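Breakdown of the fold
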Amino acid sequence: MLEQIDLSKKMSKEEKKRRMEVLQPELGRLQRQLKEAGIPVMIVFEGFGAAGKGYQIAQLIEALDPRGFYVNSTASESEEERMHPFLWRFWTKIPAKGQIAVFDRGWYRKVLLDRFDKTTPENEVAEHLQEINSFERQLTADGTVLIKLFLCIDKKEQKRRFEKLMNHPETAWRVTKDDLKRNRHFGEYKRMNDEMLEATDTDCASWMVIESMDREFATVKIYTAVISALRQALLEKEERVRAETTAAATAEVATGTAKSKRGKKKQTGKPEEEMLSFDMLRASSLDKADLTLSLDRTEYKRELDALQKRIEVLHSALYRKHIPVVIAFEGWDAAGKGGAIKRLTSHMDPRGYRVNPTASPNDFEKVHHYLWRFWRNMPKDGHIAVFDRTWYGRVMVERVEHFATDEEWQRAYQEINEMEKQLCSHGTVILKFWMQISKDEQEKRFRARMEDPDKRWKITDEDWRNREKWDAYKTAVDEMLMRTSTTYAPWIIVEGNDKYYARVKVLRKTVEALEAALKRKA
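Structure report, in brief. Values in this document were obtained by computation on a predicted structure and should not be read as measured data. (Residues numbered from 1 in each chain as written. Predicted model: local features only at pLDDT ≥ 70, side-chain atom pairs only at ≥ 80, totals over all residues. Heavy atoms only, no water.)

1. Side note on the sheet that holds strand β5 (residues 207-211)
Where strands meet in a sheet, backbone hydrogen bonds hold them as pairs that are either parallel or antiparallel. For the record, the criterion: The criterion for strand pairing is that DSSP finds at least two bridges linking the strands in question. Helix and strand definitions follow DSSP, with helices as H or I runs of at least four residues and strands as E runs of at least two, each counted in order from the N terminus. Here an axis means a line fitted to C-alpha atoms, over the contact stretch when the element is a helix, while the angle between two N-to-C directions is reported on a 0 to 180 degree scale. We call two residues in contact whenever any of their non-hydrogen atoms come within 4.5 Å of each other.
On the basis of which strands lie adjacent, the open sheet formed by 5 strands has the order β2-β3-β1-β4-β5 and parallel pairing. Strands at the two margins of the open sheet, each flanked by one partner only, are β2 (69-73) and β5. Each neighbouring strand pair of the sheet contributes to a mean axis angle of 20°, computed without reference to strand direction. Judged from the 5 bridges that link them, strand β1 (residues 41-47) and strand β3 (residues 100-104) form a sheet pairing that is parallel. Paired with F45 across the two strands is D104, which belongs to β3. The strands touched by helix α2 (residues 53-61) are β1, β2, β3 and β4 (145-152); relative to β1, the strand with the most contacts, the crossing angle is about 155°.

2. Re empty space enclosed by the protein
A probe as big as a water molecule, rolled over the atoms, marks out the empty space that is left. The condition is simple: Using only the protein atoms, space was sampled on a 1 Å grid; points where a 1.4 Å probe fits but cannot get out form cavities, open sets with protein on both sides within 12 Å along at least five of seven lines form pockets, and lining residues are those with an atom within 4 Å of a point. Grid points are joined across faces, edges and corners, and a volume is the space filled by probe spheres set on the points. Amino acid classes used here: Ala, Val, Leu, Ile, Met, Phe, Trp, Tyr, Cys and Pro are nonpolar; Asp, Glu, Lys and Arg are charged; the rest, including Gly, are polar.
Taken as a whole and judged by the stated rule, the model has 1 cavity of 30 Å³ or more. Taken as a whole, the largest cavity encloses approximately 50 Å³ of empty space. Taken together, T74, E77, F86, R89, F90, G106, W107, R109, K110 and D114 form the lining of the largest cavity. A per-class count over the lining of the largest cavity returns 3 nonpolar, 2 polar and 5 charged.

3. Focus on the packing of helix α13 (residues 337-345) against helix α21 (residues 499-521)
Which entries qualify depends on this criterion: Orientation categories follow fixed angle ranges, with anything under 35 degrees roughly parallel, anything over 145 roughly antiparallel, 65 to 115 roughly perpendicular, and all other angles oblique. Crossing handedness is read from the near helix: turned anticlockwise from the far helix by less than a right angle, it gives a left-handed crossing, and turned clockwise, a right-handed one.
Across the interface, α13 lies against α21 with an axial gap of 9 Å and an inter-helix angle of 45°. Looking at the two axes, α13 sits oblique to α21. In this structure, α13 meets α21 at a crossing whose hand is right-handed. Residues G339, A340, R343 and L344 of α13 form the contact with α21, whose participating residues are R503, V506, L507 and T510. Partitioning the contact of α13 with α21 into residue classes produces 4 nonpolar, 2 polar and 2 charged.

4. As for the sheet that holds strand β7 (residues 353-357)
With respect to topology, 5 strands assemble into an open sheet ordered β7-β8-β6-β9-β10, the strand pairing being parallel. Two strands in the sheet have a free side with no partner beyond their single neighbour: β7 and β10 (491-495). The sheet shows a mean angle of 20° between the axes of neighbouring strands, direction not considered. Here 5 bridges tie strand β6 (residues 325-331) to strand β8 (residues 384-388), and the two strands are oriented parallel to one another. Looking at β8, one finds that I327 is bridged to V386. Running over the sheet, α13 touches β6, β7, β8 and β9 (429-436) and is turned about 155° from β6.

5. Notes on the pattern of salt bridges
Condition: Salt-bridge detection follows one rule: a side-chain nitrogen of Lys or Arg within 4 Å of a carboxyl oxygen of Asp or Glu. Per-residue accessibility, obtained with a 1.4 Å probe over protein chains only, is compared with the maximum for each type, and a residue is labelled buried under 20%, exposed over 50%, and partly exposed between these values.
The final tally for this structure, using the stated rule, is 45 salt bridges. Of the charged contacts in the structure, one is a salt bridge between R411 and D142, with a shortest N-O distance of 3.7 Å. You can see R411 sitting in helix α17 (residues 406-426) and its partner D142 sitting in the loop between α6 (122-141) and β4, a full 269 residues away along the chain. Here D142 falls in the partly exposed class, since its relative accessible area comes to 22%. Overlapping salt bridges bring together R115, E122, R191 and E195 as one network.

Any functional reading would require information beyond the geometric quantities listed.
Have a look at this one:
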């Protein structure tokens, strides 16, 4: 790709000034429109050392309201960042809707500088490139405008700029031994950049190469590229809103017409829709759960005590071996998630674990990608994160209650699998428990809570209302289990009609998984 770039392009200062008198006010207007439309923007500056990334970022933000953007400079990973999957530090920095985030270098450092320095092994490069494409696809599918700018200069110009910087004491610090080494091996480093550009130039996140031998030309091209991308994003948002409004009106008319026809139609047997339905043909993982499984109190106490003592030892070993653990709980209301979590964590060191209860997203969480709030709470190496309800709300509650569009929850299966794969690749142990009870058992527990003053707070009108949608939720859960139970993060169905049995099974499966992880690390 880079071999085809014409680096001889130039522009006079007078021509740049004339163009910027139009471009800068337009960028400012677009920023205000993006904020009003609630569109998040990420602008990534990559390229060769001394190509002018810092200068061009400063030029770009001159036209922006500083209350609506922030700049991230991507240096080497800190100790805290190294203790998480490498994209964690970027997930935690994605902008809210209507905000602009500018990155001076981004997530590509892992496959460029770190690859050249051999801190990223060659056998990991392809996987990291795949993770990057997944990250960018998930962001853009959710509505983020991603603008990727690669600033290009040649070896001779880079050396000239390095020497100029080194000749002045106030700028000499900006040139490192590593910079000079990459200049000496410019061809090799250029090849790595070419491979990265080819692998990550996708339909949803394409690269714009900026010829940066001449600063004036580069500034104008960057402004033009950014403005073009932002205009296109606003236009597409307007078209989507129009299409959704038209579709809603059409659906309302169609619903009224259908109701009218059904009122006149003579019932002669099963409707054709029912005869063509797959519902009766679907296999259900939940139906296979044996809810008669149980433990008597004596056996429960004995096993619980032994397993909790074992977890206490394992938790300490996990910390020493720097193994992170994610334990996710989903299940029916009143299925025993809280009780299982309490027994699971009772013998853990409280400094080494955190329980994350997941409620409906608040206003701040709603203006970010739905996975953002979960990425923020992922554990660092040696620590345990327990989630009482999880990211799977996207394909359950948000699906059934229509809080997410069909397109949003349908693509979430792949997004979730990719997130868990990235965690697993980092070395995270992932345990996912579905707490299964019968509908009759749930009603029994609901009524018991209502009769107990100390537990009445646990039951709400929302719980009773959700029971009325049991079948819809069951369909969603079955599909979730089938599509997100992977070799690296399988679902564990916990038969929960008997609380003793359920708690012991959760602890036993946790012990087994942690012992296996420690054995692999040995």
